Amino acid sequence: MLAPMLHCPECAFANGEGAKYCQKCGAFLGEPGEEDRESTASYRIDQASGELIPVDLDDLLAEEGALLVVRGGGGRAGESFALDSERLTVGRGQDSDIFLDDVTVSRDHALLVRRNDQWFLDDLGSLNGTYVNRRRIDTQLLEDADELQIGKYKLTFLSRS
């Protein structure tokens, strides 16, 4: 007997039973309103020890102004990245400011850059593309709660403004 499949309402992809998000497009597969009830603790990884350090998003947001929080991909849900410089590289390269270890992420995939006190996401010619709110972009002004997808990673952009 085959396991039951759950078809995505957005793209019709057949997901395995019990999936909460579509493996193809990332759409929520649960009941309406259910997504808002779940929350994920946020953390950062200490560069020296590799330990997980809990993060209060409100405090970090007030301090830094903007940050990214991983929502899915690679078992890193809840990891946060403070946008604490004028530009941050995103990619699979070991020297990336935001390192995303997945073959669907290019070594130099994207760039987060602050222009006139606003954050932009620029694709750097990646093979698999960079997406904001499920639309492929070359460059995009980011707004609070925008969903970014880079490879299998889904991130949420948070901004205090």
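Residues numbered from 1 in each chain as written. Predicted model: local features only at pLDDT ≥ 70, side-chain atom pairs only at ≥ 80, totals over all residues. Heavy atoms only, no water.

Enquirer: Provide a residue-level description of the side chain of H109, including the pertinent values.
Expert: With respect to the secondary-structure elements, H109 resides in the loop between β8 (98-99) and β9 (110-115). Of the polar contacts made by the side chain of H109, one reaches the backbone nitrogen of S106; its length is 3.0 Å. Residues contacting H109, with those up to four places away along its chain left out, are V90, G91, T104, D122, D123, L124, S126, G129, T130 and I150. (Helix = DSSP H or I, 4+ residues; strand = E, 2+ residues; numbered from the N terminus. Polar contact = N/O pair within 3.5 Å; in protein donor to acceptor, adjacent residues only side chain to side chain. Contact = heavy atoms within 4.5 Å.)

Enquirer: If you had to explain the side chain of D122 to someone new, which residues and values would you point to?
Expert: Relative to the helices and strands, D122 is located in strand β10 (residues 118-123). When its relative accessible area of 11% is taken as the criterion, D122 is described as buried. Polar side-chain contacts of D122 include one of 2.4 Å to the side chain of R115. Beyond its immediate chain neighbours, meaning those up to four positions away, D122 contacts H109, A110, L111, V113, R115, D138 and T139. (Buried < 20%, exposed > 50% of the residue type's maximum accessible area, 1.4 Å probe, protein only.)

Enquirer: An account of unusual backbone geometry is needed here, citing residue identities and associated values.
Expert: As a rule of thumb, non-glycine residues mostly have phi less than zero, and peptide bonds are mostly trans rather than cis. Despite not being glycine, N116 shows a phi value in the positive range, around 50 degrees. The residue N116 is located in the loop between β9 and β10 in this model.

Enquirer: Got a sec to walk through the packing of aromatic side chains? Specific residues and values, please.
Expert: A full pass over the atoms with the stated rule returns zero aromatic pairs. For the cation-ring pair, R115 lies above F120, with the distance from its terminal atom to the ring centre recorded as 4.9 Å. (Phe/Tyr/Trp six-rings, centres within 6.5 Å; stacked < 30°, edge-to-face > 60°. Lys NZ or Arg CZ within 6 Å of the ring centre and 35° of its normal.)

Enquirer: Requested: an account of the sheet that holds β8, with residues and values cited.
Expert: As summarised here, the arrangement of the five strands in space is β8-β7-β9-β10-β13, forming an open sheet in which the pairing is mixed. The open sheet has two edge strands with one neighbour each: β8 and β13 (139-141). By the bridge criterion, two bridges tie strand β7 (residues 87-91) to β8 in an arrangement that is parallel. Pairing of G91 across the sheet is with F99, part of β8. (Pairing = 2+ DSSP bridges.)

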